[in-house]
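# Residue-level structural notes
Given next are the chains, with one letter for each unit.
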2 protein chains.
Amino acid sequence: MKTIAEYSADVESALRSIEYPSGNLASLYAPIEYALYAGGKRIRPVLTLMGADAFGDDAEKAMKAALGIETFHNFTLLHDDVMDKSEMRRGRPTVHTRYDENSAILSGDTMLTLATKYVSEVEDDKLRKVLDTFNTMALRVYEGQRLDMDFENADHISLESYLEMIEGKTGSLLGAAVKIGAIIGGASEKDAELMYDYGVMTGLAFQIQDDWLDTFGDATTFGKPIGGDINNAKKTYLYVAAMAEGGQNVEALRSAYQIPAGEVRVKAVTRIFEKLGMNEKCRKAVGHYSAKALKALNATSLSEEKKETFKKLAEKLIGRRK
Amino acid sequence: MKTIAEYSADVESALRSIEYPSGNLASLYAPIEYALYAGGKRIRPVLTLMGADAFGDDAEKAMKAALGIETFHNFTLLHDDVMDKSEMRRGRPTVHTRYDENSAILSGDTMLTLATKYVSEVEDDKLRKVLDTFNTMALRVYEGQRLDMDFENADHISLESYLEMIEGKTGSLLGAAVKIGAIIGGASEKDAELMYDYGVMTGLAFQIQDDWLDTFGDATTFGKPIGGDINNAKKTYLYVAAMAEGGQNVEALRSAYQIPAGEVRVKAVTRIFEKLGMNEKCRKAVGHYSAKALKALNATSLSEEKKETFKKLAEKLIGRRK
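Since this is a predicted model, take the numbers as computed values, not measurements. (Residues numbered from 1 in each chain as written. Chains lettered and ligands numbered in written order. Predicted model: local features only at pLDDT ≥ 70, side-chain atom pairs only at ≥ 80, totals over all residues. Heavy atoms only, no water.)

## Some thoughts on the overall build of chain A
Our working definition: Numbering of helices and strands starts at the N terminus; helices are DSSP runs of H or I of at least 4 residues and strands are runs of E of at least 2. The globule rule is 2.2 Å times the number of residues to the power 0.38, and the radius of gyration it is compared with is taken over C-alpha atoms. Only protein chains enter the accessibility calculation, which uses a 1.4 Å probe; a residue is then buried when its area is under 20% of its type maximum, exposed when over 50%, and partly exposed in between. Throughout, a contact is declared for two residues whenever any of their heavy atoms are within 4.5 Å. For every accessible area listed, the method is Shrake-Rupley and the probe measures 1.4 Å; residues are considered covered only by the protein chains on display.
Secondary structure assignment for chain A yields 16 helices and two strands. For 322 residues, the compact-globule estimate of 2.2 N^0.38 gives 20 Å, and chain A sits close to it at 20 Å. Dimensions of chain A, computed from the C-alpha atoms along their principal axes, are close to 60 × 50 × 30 Å. Every one of the 322 residues in chain A was classed for burial, and the buried ones make up 59%. Partitioning the intrachain contacts of chain A with sequence separation of at least 6 by distance along the chain shows that 73% fall at a separation of at least 24. Accessible area for chain A stands at about 13,300 Å²; split by element, carbon and sulfur atoms hold 49% of it.

## Digging into the relation of the copies chain A and chain B
Here is the rule: C-alpha atoms of residues with pLDDT of at least 70 in both copies form the basis for the least-squares superposition of the copies.
Once chain A has been moved 0.0 Å along the axis and rotated by 180°, it coincides with chain B to within an RMSD of 0.0 Å. The transformation just described matches what one would write down for a two-fold rotation axis. A high fraction, 100%, of the interface residues of chain A reappear at the interface in chain B, so the copies pair face to face through one surface.

## With respect to the packing of aromatic side chains
The line we're drawing: Put simply, two rings from Phe, Tyr or Trp (the six-membered ring, in Trp's case) pair if the centres are within 6.5 Å, and we call them stacked under 30 degrees between planes, edge-to-face over 60, tilted for the rest. Either the NZ atom of lysine or the CZ atom of arginine qualifies as a charge over a ring when it sits within 6 Å of the ring centre and within 35 degrees of the ring normal.
Applying the stated criterion across every chain yields a total of 20 aromatic pairs over all chains. On the numbers, 6.4 Å between centres and 80° between planes, the contact of Phe75(A) with Tyr142(A) is edge-to-face. Of this pair, Phe75(A) sits in helix 4 (residues 63-84) while Tyr142(A) sits in helix 7 (residues 124-151), and the two are 67 residues apart along the sequence. Taken together, the ring pairs in this structure connect Phe72(A), Phe75(A), Phe134(A) and Tyr142(A) into an aromatic cluster. One Lys or Arg, Arg92(A), reaches over the ring of Tyr34(A) and ends 3.9 Å from the middle of that ring. Over the ring of Tyr196(B) we find Lys179(B); its NZ or CZ atom is 5.7 Å from the centre of that ring.

## A few points about the interface of chain A and chain B
A common way to express how large an interface is: the accessible area buried when the components associate. To keep it simple, the criterion reads: Buried area is understood as the total, over both parts, of accessible area removed when two parts are fitted together, assessed with a 1.4 Å probe. Each salt bridge in this description consists of a side-chain nitrogen of Lys or Arg and a carboxyl oxygen of Asp or Glu lying within 4 Å of one another.
Across the boundary between the two partners, chain A contributes 40 residues, which contact 40 residues of chain B. Across the interface of chain A and chain B, roughly 3,700 Å² is buried in total on both sides, 61% from carbon and sulfur atoms. The largest share of the area that chain A buries against chain B comes from Leu106(A), Arg128(A) and Arg146(A), three residues that together contribute 17% of it. The interface formed by chain A and chain B contains two salt bridges.

## Observations concerning unusual backbone geometry
Phi angles above zero are rare outside glycine, and Ala233(A) is one such case at about 50°. Relative to the helices and strands, Ala233(A) resides in the loop between helix 11 (228-231) and helix 12 (237-244). Phi at Arg90(B) takes a positive value of approximately 50°, unusual for a residue other than glycine. Its location among the elements puts Arg90(B) in the loop between strand 1 (88-89) and strand 2 (92-93).

## Structural notes on helix 6 (residues 101-119) of chain A
Worth spelling out the cut-off: Take the number of residues in a helix, subtract one, and multiply by 1.5 Å to get its expected span.
Taking 1.5 Å per residue, 19 residues should reach 27 Å; helix 6 of chain A reaches 27 Å between its end C-alpha atoms and fits that length. Within helix 6 of chain A, 16 of the 19 residues are buried, which leaves the element mostly enclosed by the surrounding structure.

## Quick notes on the nonpolar core
Put simply, the rule is: To qualify as a nonpolar core, a set must consist of buried Ala, Val, Leu, Ile, Met, Phe, Trp, Tyr and Cys residues joined through side-chain atoms within 4.5 Å.
Phe72(A), Tyr198(A), Phe273(A), Phe72(B), Tyr198(B) and Phe273(B) are the most contacted members of the largest nonpolar core, which has 233 residues in total. Filtering out sequence-adjacent residues up to four positions away, Phe72(A) remains in contact with Leu112(A), Ala115(A), Phe134(A), Met137(A), Ala138(A), Val141(A), Tyr142(A) and Leu173(A).

## Quick notes on the layout of surface pockets
Residues and elements named next belong to chain B. Quick reminder of the rule: A pocket, in this scheme, is an open set of points on a 1 Å grid over the protein atoms alone with protein on both sides within 12 Å along at least 5 of 7 lines, while a cavity is a set where a 1.4 Å probe fits but cannot get out; residues line either one if an atom lies within 4 Å of a point. Grid points are joined across faces, edges and corners, and a volume is the space filled by probe spheres set on the points. Under the grouping applied here, Gly and all other residues not named as nonpolar or charged are polar, the nonpolar ones being Ala, Val, Leu, Ile, Met, Phe, Trp, Tyr, Cys and Pro and the charged ones Asp, Glu, Lys and Arg.
Estimated volume of the second largest pocket: approximately 1,900 Å³. If you go around the second largest pocket, you meet 47 residues; those closest to its centre are Arg 89, Gln 207, Asp 210, Lys 224 and Lys 234. Looking at the lining of the second largest pocket, the elements with two or more residues in it are helix 3 (43-56), helix 4 (63-84), strand 1, helix 7 (124-151), helix 8 (159-185), helix 9 (189-216) and helix 11 (228-231). The residue makeup of the lining of the second largest pocket, split by class, is 16 nonpolar, 11 polar and 20 charged.

## Overview of the packing of helix 12 of chain A against helix 15 (residues 278-299) of chain A
Residue and element names in this part refer to chain A. Operational definition: Helix axes are fitted to C-alpha atoms over the stretch in contact, other axes to C-alpha atoms as well, and angles between N-to-C directions run from 0 to 180 degrees. Here is the rule for handedness: rotate from the far helix to the near one, and if that takes an anticlockwise turn smaller than a right angle the crossing is left-handed, while a clockwise turn gives right-handed.
One way to put it is that helix 12 packs onto helix 15 with a least axis distance of 10 Å and a crossing angle of 115°. The two elements helix 12 and helix 15 cross, and the hand of that crossing is right-handed. The residues of helix 15 that touch helix 12, namely those facing Tyr 237, Leu 238, Ala 241 and Ala 242, are Met 278, Lys 281, Cys 282 and Ala 285. Here the residues of the contact of helix 12 with helix 15 are counted per class, giving seven nonpolar, no polar and one charged.

## Some points on the environment of Ala241(B)
Tracing the backbone through its elements, the reader meets Ala241(B) in helix 12 (residues 237-244). Sequence separation between Ala241(B) and Lys281(B) is 40 residues, and the spatial gap between their C-alpha atoms is 8.5 Å.

## So, the side chain of Asp229(A)
Residue and element names in this part refer to chain A. How we decide: Counting rule applied: Lys, Arg positive; Asp, Glu negative; His and chain ends not counted.
Mapped onto the secondary structure, Asp 229 falls in helix 11. Lacking a salt bridge, the buried Asp 229 has Lys 234 as its closest oppositely charged neighbour, with an N-O distance of 5.5 Å. When sequence neighbours within four positions are dropped, the list of residues in contact with Asp 229 reads Asp 211, Asp 214, Lys 234 and Thr 236.

## As for the environment of Ala296(B)
All names here are of chain B. Among the secondary structure elements, Ala 296 is positioned in helix 15 (residues 278-299). Measuring from C-alpha to C-alpha, the distance between Ala 296 and Met 195 comes to 6.8 Å, with 101 residues separating the pair along the chain. If we skip the residues at most four places from it in the chain, Ala 296 touches Leu 194, Asp 197 and Tyr 198.

## Focus: the confidence of the model for chain A
The test is simple: pLDDT expresses how confident the predictor is about each individual residue, on a scale running from 0 to 100.
When pLDDT is averaged along chain A, the result is 95, and 99% of the positions lie at 70 or above. For this predicted complex, the interface score ipTM comes out at 0.97, while the overall pTM is 0.97.

## Some remarks on the environment of Lys169(B)
Residue and element names in this part refer to chain B. To keep it simple, the criterion reads: Pairing of N or O atoms within 3.5 Å defines a polar contact, subject to two protein rules: one partner must be a possible hydrogen donor and the other a possible acceptor, and residues neighboring in sequence count only if both atoms are side-chain atoms.
Topologically, Lys 169 is positioned in helix 8. In this structure the C-alpha to C-alpha distance between Lys 169 and Gln 209, which are 40 residues apart in sequence, comes to 15 Å. The contact partners of Lys 169, leaving out residues within four places of it in the chain, are Asp 80, Arg 140, Val 141, Gly 144, Gln 145 and Asp 148. A distance of 2.9 Å separates a polar atom in the side chain of Lys 169 from a polar atom in the side chain of Asp 148.

## Quick look at the pattern of salt bridges
Within this structure, the stated rule accounts for 41 salt bridges over all chains. Salt-bridge contacts for Asp150(A) lead to Arg146(A); the nearest nitrogen and oxygen are separated by 3.0 Å. With Asp150(A) and Arg146(A) both in helix 7, this residue pair falls four residues apart, about one helical turn. The partner of Lys306(B) in a salt bridge is Asp57(B), and the shortest N-O contact between them spans 3.6 Å. Residue Lys306(B) is located in helix 16 (residues 304-318), and its partner Asp57(B) is located in the loop between helix 3 and helix 4; the two are separated by 249 residues in the primary sequence. The structure contains a network of salt bridges with shared partners spanning Glu12(A), Arg16(A), Arg42(A) and Glu70(A).

## Description of the packing of helix 2 (residues 26-36) of chain A against helix 6 of chain A
Residues and elements named next belong to chain A. Selection rule: What sets the label is the angle itself: under 35 degrees gives roughly parallel, over 145 gives roughly antiparallel, 65 to 115 gives roughly perpendicular, and the rest give oblique.
Running from amino to carboxyl end, helix 2 crosses helix 6 at an angle of 75°, the nearest separation of the two axes being 9 Å. Looking at the two axes, helix 2 sits roughly perpendicular to helix 6. In contact with Ser 27, Leu 28, Tyr 29, Pro 31, Ile 32, Ala 35 and Leu 36 of helix 2, helix 6 contributes Ser 103, Leu 106, Ser 107, Thr 110, Met 111 and Leu 114.

## Here we look at a negative patch on the surface
Residues and elements named next belong to chain A. Selection criterion: What makes a patch is a set of residues exposed beyond 30% relative accessible area and free of salt bridges, joined within 9 Å when like-charged and within 5 Å when nonpolar (Val, Leu, Ile, Met, Phe, Trp, Tyr). Where a charge lies is defined by one atom per residue type: Lys uses NZ, Arg uses CZ, Asp uses CG and Glu uses CD.
Taken together, the side chains of Glu 160, Glu 164, Glu 167 and Asp 197 make up a negatively charged region of the molecular surface. The element that contributes the greatest number of residues to the negative patch is helix 8 (residues 159-184), accounting for three residues. With respect to the element layout, Asp 197 can be found in helix 9 (residues 189-216). Relative accessible area serves as the criterion here: at 33%, Asp 197 is assigned to the partly exposed category.

Okay, structure coming up:
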């Protein structure tokens, strides 16, 4: 198997070699190129290539499906940014800011169909399984996004629904990305499922870690200002778990969130999170889901050497301690 | 074969028997049910059933694909209504008016994936062809919608681009609907292509007729007030063809469109259209594309009796003279 950096470079160059229609259709396809050329770690398509390479010694065979996964991921970003009214992403204006909302909606739709098309460019005997995995995943992602939207106005959120939300929004795509690669590589049904679990659990650990970093991370390595979620009153793992403690804390937290967005609010909320032991609880949850990911990976028929590459990827994703 | 009314009733009852997830996911799926239960002629899924019945004597086999076609059509309506800021459709508030814009975007995305999923529920040896037909059609529809959006601010539109736009937005879906049915029914490649042409050409004739009705139709049978397109300065067949005449007419038309929306503008524009012989030109174009549809249909290997049902459907769609 190659290194993660090598797979990532392969994805990047394949992404940039796709040719989109121009002429009078440039207004439909230019926003797609703009979105796909924004860079990023390309973790999801890398997982697809790794799955195919690990089980079939042929990453190239899964390249088109990998591009489909990355195109799908970026389609969700286009539409999410419209829904959240986010103006910036990866240091650049979002598509609807750079173009307009209608372009983001319509070019996003186009990306979903293109993604489905790319993912379907597999051998005939793999098509049904790959397509079912992809469509099932897509529905989970929308369901996760819907729960996330509904949380905004929800008074009470159980830790269970929070986990259902991030499993949909984040976990299922990582799971499907690696599972589709595994199917293309010729993995057994059992191995493909185990790789799906590896991906989902890695996604859960990653998301909870991301929530943790927002409060307890280091601004310089996190890449975003600390406390952004607190200022936006986002329903993160920390928030949901702290609220679930019940008692006086609920009132204390509610009051802290009444403070106008800014440093004072961030400090007040962080203090309550600390008092409730959320720092440790969060790290424990990350460890719990990382261990589950590892357990699934270890149960596959892959060689130790191949498992090692997947372990490295999970560490790279989750291991960001600051 | 059954009658069009019977196929339509079959579609309606199958649509209403789909069960969507409820509970905490109702907010994602309720807008989908709301959209799909709005009624309508169900022409597109009827075409799919007819295609399967004509070539394979089994309409039921294509029911899931037919529901996919109808779900796709309604997905485009959800997103188009957001983009056009349309508040009413079929006498009811549009999805984004009844719920909100974010719901229309996200539930629309969900409908596109559901549509792809339904359309894929065909026998393994048909899957590749059906899916390719569906994805290619979807891209044509987005391209048509993009052209339509770009026309709004375009100074000059050629009749050729206008036809490209309606072929994408309207023709390709009718074509793909019947072609997918034909493939499921086991039609030869040649017959499937001919049926696609029949559908596309019927769609073009239908759309031009619809443009004609807006100016020269009868409000009571048209179902919408006459002159709506003129008041919205829509780039219809009449407008584009009249502008293409060149000379003084261009200036006269531009002035007429400067009149504030209302009866005076409608009358002024209609007078110019009449002077330029647009009434006849339009009817001639409808006749031209209807004849092309018929020619494609006649070239298929279908029996005269079966052709008759498709002729009836085209007449039903296009034959609205008032």
